[in-house]
Each structure stands twice: as C-alpha cells, then as structure tokens.
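Summary of structural features
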Amino acid sequence: MANTRTTPSGTPTNVTQKHNKGGIGESTLRPDGTLKVTGEFAYSSDMWHEDMLWGQTLRSTVAHAEIVSIDISEALAMPGVYSVLTYDDLPAEMKNYGLEIQDTPVLANGRVRHHGEPVALVAADHPETARRAAAKIKIDYKELPLVTDEASALAADAPLIHPGRDDHHAGHVPHPNIVHRQPIIRGNVEEARKRADVIVEGEYTFGMQDQAFLGPESGLAVPSEDGGVDLYVATQWLHSDLKQIAPVLGLPEEKVRMTLSGVGGAFGGREDISMQIHACLLALATGKPVKIVYNRFESFFGHVHRHPAKLWYEHGATKDGKITHMKCKIVLDGGAYASASPAVVGNASSLSVGPYVIDDVDIEAIALYTNNPPCGAMRGFGAVQACFAYEAQMDKLAAKLGMDPVEFRQLNAMEMGTIMPTGQVVDSPAPVAELLRRVKARPLPPERQWETAGEAADLRALPGGLSNTTHGEGVVRGVGYAVGIKNVGFSEGFDDYSTARVRLEVINGEPVAMVHTAMAEVGQGGVTVHAQIARTELGVTQVTIHPADTQVGSAGSTSASRQTYMTGGAVKNTCEAVREALLEMGRRKNGSYHPAWAHAELLLEGGKVVTDGGEVLADIADILENEAIDLELEFRHRPTVAFDLVTGQGDGHVQYTFAAHRAVVEVDTELGLVKVVELATAQDVGKALNMLSVVGQIQGGTTQGLGVAVMEEIIVDPKTAKVRNPSFTDYLIPTILDTPTIPVDVLELADPNAPYGLRGLGEAPTLSSTPAVLAAIRAATGLELNKTPIRPEALTGTL
C-alpha cells in the first residue's frame, strides 16, 4: 500500500522547527503496538478483582410495549445471586441520562421503546449464574403500536415516542416525534432554478451501519470506603460519562472516579453510556466489585448505530457546467432516544451541499424518534449520508451535460474564500480540485489481474473470490470518483476544550516529561502524538504518558476528528508554558553569567537550552536540579455559534477537511458480485505529525466506507422493529480479503488557525470512499443504484 507525501512549495507551516528524536513529523511507533499484536495488551474485558461479581442486563424482547409486571423472585432465589435491580430500585431522583437530552432511562420505566432496551440487572458470583438468573425474570408486556419510519412517525395520529416531551429542541419542530430540525436557506432557489439548463433529482437510501469495534463493551466498578465508586471502563469521553453517571447514583462527581481501561475500538459507539451506570449500581448495591462484559450479540443492542437516512436532492446546472442551485431534504432515523441526533442533524444539513460552490440552496434536515434502535455518533457523523447522495447527484449532472465527472466537480469545487451555505467563509486552504486531480492522475491497476500466463486463475482477484463462482465470464470493470467535506471538532457554539497537565523533572539524572490528559485512546494514536509534541517543545527524549482518568480536567470526546487538534493543542500550550517556566528558572540561575539568556531566542534541544544559533547555554537537568515544573492548562479553539433555526446561518464550524477517492471495481454482472480492486485516495492533513499514523487512519476510514458500500447494514424488521442480524455471522464487515490496495496521497496545506497547522483527518476518508465505490459499480453496470449497501440482487435485477 503505497503512499506519497506532498507539500506544495510556498505552503506556510507555522511549525516550530526543532530537531528532537521522536518529535513531531516523525513516524514514531505506538508504545502499545507490540503488546496489542502479541495479545499481551490488557483490554477492559481482561480486568479482574478479587471477590468480584458478574453483572448481567436483561433486555426487552419487544420494541414498543407497556410493562405490566416484573417478577424477580425466581432470579433472587437462585444460589450465587447477590442482587436484582429494576427501575424502582434506582437510588436517586435522576433516573435518566443522555449526551444532549436526558431522555434515556437507566432501566425501563413502565415502558420499553426499542428492541433490546435494558429492563433489569443481575449480579452473581459467576457469569453463567448471572445469565441464567436474568433469564428467570418474568416480564409481562402489553405491546403498543409501532413507529418505524417517517410516515408512521409524522402522521397526525402517530403514537408519541416521548409523550409530553419538554426540551429546548422542541420549540422549532412541527411534530413531537422530530428530535431536531435544521433548515438552511441561502439565496433564491426558485430564481436560480430558472437559469438551469439541466435539472436532476434523486432519492437515496442509506442503511444503518454498526461501528463493529472488536472489543465489546466492558468495565469494572469497585465500591470505595467513602461511599463512592471507582470505575474502570472503555469509553470515548470520561468526563461526559461522569456527568451522566453521578446524578443517577446520587453521588457528587468527586465520589465517582473514572479511569480509562484498554479500548478495543470505538468509532462513535462508545460516546454514549452503555454498561457504566449498570455496573456502578450493582457495585453499590452489593458492596462488591462488579464486572460487566457484553457478548457480541448484546453489543449490537448496547450501543447506538449510524443513522439510516432517506435523502431527496435536486440540482440544476447551466450548459457550461456551473451548478445553479440545490434543494434537499434529509430524514435521519434517530431511533428511540436522542443521543447525538441534534448534532448529527446540524452536520448533515450544514455539509449537505458538499465541497462545491452553490449560492442558492434550500436545505432541510430532521431526525426522528422511532421504535427502531437508537442511533448517534459514528465516524463521519451526518456528513457520510449526505456525501453518498450529493456525489451521486454530481455524476448525474455530469452525465446529463456530457462532461467528465471529475472535470465537472473541479469546475464547481470550492476553494479558500468560498462562502458556505451557512454564510461561513472558508478561511484556510480547500484543495478540492487538486485532490481530484491527484486521484485521477494515478495509474490504473492492470486489468484482469486474475489471469496468469500458463497458470490457473487466481480466484482471490475475482468477484466471489475463493468461492470459485467465475473465471472471468461476465466480469466488467468500473471506475468511479467522489470527494467529500467534513467539519473538525465540536460545532454550533459548543464549549469545546481540552486540558493537559505536563510535569518536567529530573529522574536518574535525565530530564523526563510526564503528560497527563483525560483523552480516551481508542486507536487514533494520541498516546504517540502527545509524546511527540512533548519531545518537540521540551527538548527531552523520555516522555511518560499518564493513564487517562478524571483526576485531570476534561479532554473532551475522542470523536469529531478533534483530539490531535484539541488535546494536542492543550499539550502544546502546556509544554510551552513549562518551557517558559524552565527558561525563567535558567535566567534566574545563569542570566548574570551569560547575556544570551536575556537577548537570544532560546530553544530546548537534546536535553539542553540552546540559542537559535546553536550555542549551548545549560543542561535542562542542571537548571531543574531537584525541582519540578508541573502545570495544567486548557485549550480552546476559536468560538463558533449555533445555526439560526430559521435560516441556518452562522459560523458553526471550526475547521473543514477534505478527501477524494477513486474506486476501481470489477463486477460479475451475472451473479451480482463485486470485487473492489483499488481505492486510491488523496487528502489534505494540514501537517502530518506522524505520517505512519496518518496513513493508517486514512486507510482505516476508507475501509469502513467500503464496508457500508457493499456489505454492512443492520437489518431491522419493519413489522416488529426487531434487529434481525445482531452478530458478525450475519452483519458482515470487510476482511483482509475484501480490502483492496489503498494508495494514499497526503497533502500538507497548513491551517493557520490550528496547532502546527494540522487538520483533523480520521473521518474524512469515510465520506468519499462509499460514493466512489457506488460510482464505480454504476459505471460497470449502468444501473442507478440509489441505496447502500449494494447487494447482489440489486445488480442482477432480482431485487
């Protein structure tokens, strides 16, 4: 998997130039990498405590029902069972939680709203005993009418998922089953429509995707002598968890101490609470440590998923290829509880135009309450669904105008200075046309790679692979392109900040830095980057990364491509403050002996204080002696504002990031089987702090987009609202045999507003990889294909 790193000449970098081994810009290895690949790394499911109990959750078997009665007597009578809890046993007045809207009950309160909702908890001395006891709990349900789609949710007589809801989102929505609504109006679409020589429209359906992380939800709660609890858990946002957990336990936050344990992937699925509150409740009820580990089946019910979506788009263009206007309506199915749906709506609406210049737009995005599984954060966060639709529209427009699809996109591509539909000016590089040029210019992979002279066909290179369904008969190649735009960080006026504590001291005669943040390391590489920043800013070799916990200020969520920007920015700022404190110590001790301390530009390199001319003034260890410098600072990005709820105007985003893909596929048109041969990508990352990690993130995001293009979808029965495929047997994700070559072209166009000029990068490749694959399949088959994922029956006409 090749990659090329390109920095156009004349690009500002605003990077402090220091030459410390293992600093920013180097491909340092992950400190936990070897342990993970050898199986020695301790994940949250590996934790153990003497005399601990095992927790089990009983979940609803129906999607919408009143709970007539719950009988726990048989479960309580079982030997080895220590506790059984229902809603009535919750200790505090606050019995709901939620990321933005506290509408999710800790345990069902007289009613269940989706298949798999938690109803009761069991603690026992063995996991099998806990499972058997949960199965003995008898629940009498009275089923209620279901709400499963837009029509049933918005009907005049629709059952209300949350009767009497009263929250700050409800005032601007026309129906109580709408979680959130965001219109964006700019220009005059009807007047612009008159200038269009061609108009295309399309209806698109995006399936429900699961984060499919490999490490299931798990954690260990340990009651403490002060009446509080210590929770060790795999999560994405320690302090958000804390704010939701403490009130329902009836405890002050200082008595709920959280420590991050090993996380086996996340992708948004750990941003919401799963087992955290349940484990703490059982630990406090029994006075014993309680461990909960979901199996794969339960994991599908234990976290939110990507919103399935229905999208309608209309675009117009002049005969010379300039887009005149865009209208769209995006309907996201949020499921039974709000989770992150309001923010997902904000992203979907504000990014629905794509990376294109369109002055006249009429946009509406809504999220619905239904009895389907709850949906929330997943990599790409609303922008994925929109990109799938608007990129299909770009191909339709290009075809109707008789233009090359890449050249059409380049003609309409935004650039620095473009005004977004929200009125926000793009004030940093936006190399959309260049990214497209790069992926198009890359040589295509050889055709018919399964053919080897004088030898049998290599089945692995064919659609269907080792199933031996074809030897090349009816196989057609297709090539498709797509480009996407994603915001970075939390938006719409959210107080987005991160905190870092940095300590510099001498250990065994050598200066050592300790970096302490609450950042959740979920595989994105923050533990590597933070050490690189400390080495660069403090001129040290040895850096210790303190375990993440709530004993330091919040680092925010590991989501929204924000951690390198935000917590990396906090580490950088704090290191700079530590450096200045060290230099001030040096001036006090040595300034009278050497005037350079007062006048020269001083740097820290190789454990020494040096001038910008390279003159060594002192060893860091000699300045510190037995003292330590220990500082904790916050970092905030520039302010944003909420989008107006009528016009959608406002500077709602911090930063934009862009990626483009070219997909090459081969399709067996007789059997409807697809082989993705290559997914070439180009992405602007601003500044690559660790190129090895950058390329890994881009290839990983690309693969996740491939999955939802051709195989990944949670199937919910429309008649019962029950999940039909909660397992990796029936929910398919790409394996190494499905993953194509992914060449990566990295641009570094610095954002002057960001630390080191970097851009958040983890989500952008997930956007454009999906529509690129769909475009390639369309090119091979001539079919419209407006639904994802693509199944064989859609390609053979048997759907």
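Residues numbered from 1 in each chain as written. Predicted model: local features only at pLDDT ≥ 70, side-chain atom pairs only at ≥ 80, totals over all residues. Heavy atoms only, no water.

Counting residues in hydrophobic clusters, the biggest one holds 93 residues, and the most contacted among them are Tyr313, Ile330, Val773 and Ile777. Looking at this core element by element, the count peaks at twelve residues for helix H10 (residues 383–401). (Core = buried A, V, L, I, M, F, W, Y, C linked by side-chain atoms within 4.5 Å. Buried < 20%, exposed > 50% of the residue type's maximum accessible area, 1.4 Å probe, protein only. Helix = DSSP H or I, 4+ residues; strand = E, 2+ residues; numbered from the N terminus.)

The omega angle of the peptide bond from threonine 788 to proline 789 is 0°, so this bond is cis rather than trans. With respect to the helices, strands and loops of the structure, proline 789 is situated in the loop between strand S30 (787–788) and helix H19 (792–796). Of note, phenylalanine 267 is a non-glycine position whose phi angle comes to about 60°, a positive value. Relative to the assigned elements, phenylalanine 267 resides in the loop between strand S14 (256–260) and helix H7 (276–286). Even without a glycine there, the phi angle at leucine 785 is positive, about 55°. Inspection of the secondary structure puts leucine 785 in the loop between helix H18 (764–781) and S30.

In the contact formed by H10 and helix H11 (residues 405–412), the axes pass within 9 Å of each other and the chain directions differ by 110°. Taken as axis vectors, H10 and H11 run roughly perpendicular relative to one another. Residue-level inspection shows Glu391, Met394, Asp395, Leu397, Ala398 and Leu401 of H10 in contact with H11, the latter providing Pro405, Phe408 and Arg409. (Axes fitted to C-alpha atoms, helices over the stretch in contact; angles between N-to-C directions. Parallel < 35°, antiparallel > 145°, perpendicular 65-115°, else oblique. Contact = heavy atoms within 4.5 Å.)

Attention now goes to the sheet that holds strand S3 (residues 65–71). With antiparallel pairing, the three strands of this open sheet are ordered in space as S7-S3-S9. Only two strands of the sheet have a single neighbouring strand rather than two, namely strand S7 (111–112) and strand S9 (138–143). For S3 and S7, the ladder comprises two bridges, and the chain directions are antiparallel. Across the sheet, glutamate 66 pairs through a bridge with arginine 111, a residue of S7. (Pairing = 2+ DSSP bridges.)

Moving on, we get to the packing of helix H13 (residues 526–538) against helix H14 (residues 563–590). Direction vectors running N to C along H13 and H14 enclose 30°, while the axes themselves pass 9 Å from each other. By the angle between their axes, H13 is roughly parallel relative to H14. Classified by chirality, the crossing of H14 by H13 is right-handed. Counting all contacts with H13, which are made through Val529, His530, Ile533, Ala534, Glu537 and Leu538, the residues of H14 involved are Thr564, Thr567, Gly568, Val571, Lys572, Cys575, Glu576, Val578 and Arg579. Residues of the contact of H13 with H14, tallied by class, amount to seven nonpolar, four polar and four charged. (Left-handed = near helix turned anticlockwise from the far one by under 90°. Nonpolar A, V, L, I, M, F, W, Y, C, P; charged D, E, K, R; others polar.)

This next bit is on the confidence of the model for the protein chain. Mean pLDDT over the protein chain works out to 94, with 96% of the residues at or above the 70 mark. Here residues 6–17 is modelled with pLDDT under 50, and outside its nearest four sequence neighbours on either side it reaches 26 contacts, counting other chains as well. (pLDDT = per-residue confidence, 0-100.)

Attention shifts here to the sheet that holds strand S20 (residues 497–507). Pairing in this open sheet of four strands is mixed, and the strands run S22-S21-S20-S26 from one edge to the other. Edge positions in the open sheet fall to strand S22 (542–545) and strand S26 (629–636), since each of these has one partner strand only. Mean inter-strand twist for the sheet, computed between neighbouring axes without regard to direction, equals 20°. The pairing of strand S21 (residues 510–516) with S22 spans four bridges and is classified as parallel. For methionine 514, the partnering residue across the bridge sits in S22 and is threonine 544. Where H13 meets the sheet, it contacts S20, S21 and S22, and its direction lies at approximately 140° from that of S22.

Here we come to the side chain of arginine 579. Its place among the elements puts arginine 579 in helix H14. When its relative accessible area of 13% is taken as the criterion, arginine 579 is described as buried. Polar side-chain contacts of arginine 579 include one of 2.7 Å to the side chain of glutamate 537. (Polar contact = N/O pair within 3.5 Å; in protein donor to acceptor, adjacent residues only side chain to side chain.)

So, about the pattern of salt bridges. Any two side chains of opposite charge can pair, on the condition that their charged atoms come close. Per the stated rule, a full pass over the model turns up 44 salt bridges. Salt-bridge contacts for arginine 257 lead to aspartate 226; the nearest nitrogen and oxygen are separated by 3.2 Å. Here arginine 257, found in strand S14, pairs with aspartate 226, found in the loop between strand S12 (218–223) and strand S13 (229–233); they are 31 residues apart in sequence, far enough to count as distant. On the basis of relative accessibility, which here comes to 37%, the residue aspartate 226 falls in the partly exposed class. (Salt bridge = Lys/Arg side-chain N within 4 Å of Asp/Glu carboxyl O.)

Considering all chains together, one arrives at twelve aromatic pairs under this definition. On the basis of an interplanar angle of 80° and a centroid distance of 6.1 Å, the ring pair of tyrosine 204 and phenylalanine 388 is categorised as edge-to-face. With a gap of 184 residues between them, tyrosine 204 in strand S11 (residues 198–206) and phenylalanine 388 in helix H10 connect regions that are remote in the sequence. For tyrosine 204, a relative accessible area of 1% gives the class buried. Between tryptophan 237 and phenylalanine 494, the aromatic rings sit 6.3 Å apart at their centres with planes inclined by 65°, giving edge-to-face as the arrangement. Of this pair, tryptophan 237 sits in the loop between S13 and helix H6 (238–249) while phenylalanine 494 sits in the loop between strand S19 (475–488) and S20, placing them 257 residues apart in sequence. The class of tryptophan 237 is buried, set by a relative accessible area of 13%. Owing to a relative accessible area of 40%, phenylalanine 494 belongs among the partly exposed residues under this scheme. (Phe/Tyr/Trp six-rings, centres within 6.5 Å; stacked < 30°, edge-to-face > 60°.)

Among the surface-exposed residues, Leu466, Ile736 and Leu737 lie close enough to one another that they form a single nonpolar patch of about 380 Å² accessible area. For isoleucine 736, the position within the fold is in the loop between helix H17 (691–710) and strand S29 (744–747). According to the relative accessible area criterion, isoleucine 736 is exposed, its value standing at 76%. (Patch = residues over 30% accessible without salt bridge, like charges linked within 9 Å, V, L, I, M, F, W, Y side chains within 5 Å. Areas by Shrake-Rupley, 256 points an atom, 1.4 Å probe, with all protein chains shown as cover.)

Turning our eyes to something else, we now look at the environment of serine 498. Mapped onto the elements, serine 498 comes out in strand S20. According to the relative accessible area criterion, serine 498 is buried, its value standing at 0%. Between the C-alpha atoms of serine 498 and glutamine 563, which are 65 residues apart in sequence, the distance is 8.4 Å. When near neighbours in sequence (up to four residues on either side) are disregarded, serine 498 contacts Ser554, Ala555, Gly556, Arg562, Gln563, Met566, Thr567, Ala570, Leu633, Glu634 and Phe635. Within the structure, serine 498 has its side chain in polar contact with the side chain of arginine 562 (distance 3.1 Å).

Here we come to helix H3 (residues 127–135). The complete set of buried residues in H3 reads Pro127, Thr129, Ala130, Ala133 and Ala134. Viewed end-on, H3 has its buried residues packed into an arc of 160°, placing them on one side of the element. Close packing links the buried residues of H3 with strand S2 (53–59), helix H2 (73–77), strand S4 (81–85) and strand S8 (118–124). (Arc of directions from axis to C-beta.)

Before going further, it helps to examine the environment of leucine 282. Along the chain, leucine 282 turns up in helix H7. When the C-alpha positions of leucine 282 and leucine 53 are compared, they lie 9.0 Å apart, and in sequence the two are 229 residues distant. When near neighbours in sequence (up to four residues on either side) are disregarded, leucine 282 contacts Gly55, Ser83, Leu85, Leu121, Val122, Ala123, Val290 and Ile292.

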